[in-house]
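Given next are the chains, with one letter for each unit.
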Amino acid sequence: MKSRDSLVRLKEFQVNDKRRQLQQLQMMMAEFERMAKELEHQITLEEKKSGITDPSHFAYPTFAKAARQRADNLQVSIRELKTQQDAAELVLEEAQAELSKATALEERDVSNQRARA
């Protein structure tokens with residue numbers, strides 16, 4: 001009986017840990033998206049100021065080139081985090097299923113013990 005209770009608590013802990021990890025990934029993605037939007041805004045302002053919007057132009061602003069590269073890097077990171085998020089969602093689903101099984105076993109044990117008493 002105590003072992004089942006410990007198992008349920010362990011599974012609850014694991015589910016909560018997986019949820020926390022998933023939330024962290026989602027917060028990082030949101031922050032990266034915000035940063036990328038800010039960079040895009042800065043690029044637009046720099047292009048307007050210089051009057052050159054073609055990145056391959058010899059006089060294209062250096063700041064805009066650097067900001068564009070940072071924004072591109074952020075987009076790559078966001079895609080990688082999305083992959084991690086998908087994997088984390090699967091792991092969370094598995095942990096929730098294990099918790100459900102452990103809870104059902106504990107409830108069955110409690111019912112059997114009550115029936116004997």
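Residue positions are counted from 1 within each chain, in the order its sequence is given. Only residues with pLDDT of at least 70 get local features here, since the model is predicted, and only at 80 or more are side-chain atom pairs given and counted; chain-wide, interface and lining totals rely on the full set of residues. Values shown for side chains rest on all heavy atoms present in the structure; no hydrogens or waters enter the calculation.

J.: Let's hear about the overall build of the chain: which residues, and what values?
T.: When its secondary structure is counted, the chain shows two helices and zero strands. Relative to the globule expectation of 13 Å for 117 residues, the C-alpha radius of gyration of the chain, 25 Å, shows a markedly less compact shape. By its C-alpha atoms, the chain is 85 × 15 × 15 Å across when sized along the principal axes. Counting the 117 residues in the chain, one finds 24% classified as buried. When contacts within the chain are restricted to residue pairs at least 6 apart in sequence, long-range pairs at least 24 apart make up 75% of them. Put simply, DSSP marks the helices as runs of H or I at least four residues long and the strands as runs of E at least two long, and each gets a number from the N terminus on. Using C-alpha atoms as the atom set, the radius of gyration is obtained and then compared with a globule rule of 2.2 Å times the number of residues to the power 0.38. For every residue, the accessible area (1.4 Å probe, protein chains only) is compared with the maximum for its type, and the residue is labelled buried under 20%, exposed over 50%, or partly exposed between those bounds. Here, residues are in contact when the closest pair of their heavy atoms is within 4.5 Å.

J.: Tell me about the nonpolar core, and name the residues and values.
T.: We call a set of buried Ala, Val, Leu, Ile, Met, Phe, Trp, Tyr and Cys residues a nonpolar core when their side-chain atoms join them within 4.5 Å. Counting residues in hydrophobic clusters, the biggest one holds 11 residues: Val8, Val15, Leu22, Leu25, Met29, Leu81, Ala88, Leu92, Ala95, Leu99 and Ala102. Per element, the largest residue contribution to this core is six residues, and it comes from helix H2 (residues 62–116). The residues contacting Ala102, other than those within four sequence positions of it, are Leu7, Val8 and Lys11. Listed in part, the nine residues of the second largest apolar core include Leu39, Ile43, Ile52 and Ala67.

J.: Just give me the short version of the pattern of salt bridges, but keep the residues and values in it.
T.: One side-chain nitrogen of Lys or Arg within 4 Å of one carboxyl oxygen of Asp or Glu is enough to make a salt bridge. For the structure on display, the rule yields eight salt bridges. A salt bridge links Lys11 to Glu98; its shortest N-O distance comes to 2.8 Å. Of the two residues, Lys11 sits in helix H1 (residues 2–50) while Glu98 sits in helix H2, which places them 87 residues apart along the sequence. For Glu98, a relative accessible area of 36% puts it in the partly exposed group. We note a salt bridge from Glu46 to Lys49, for which the minimum N-O separation is 3.6 Å. Residue Glu46 and its partner Lys49 are both found in helix H1; the two are separated by three residues, about one turn of the helix. Residue classification places Glu46 among the buried residues on the basis of a relative accessible area of 18%.

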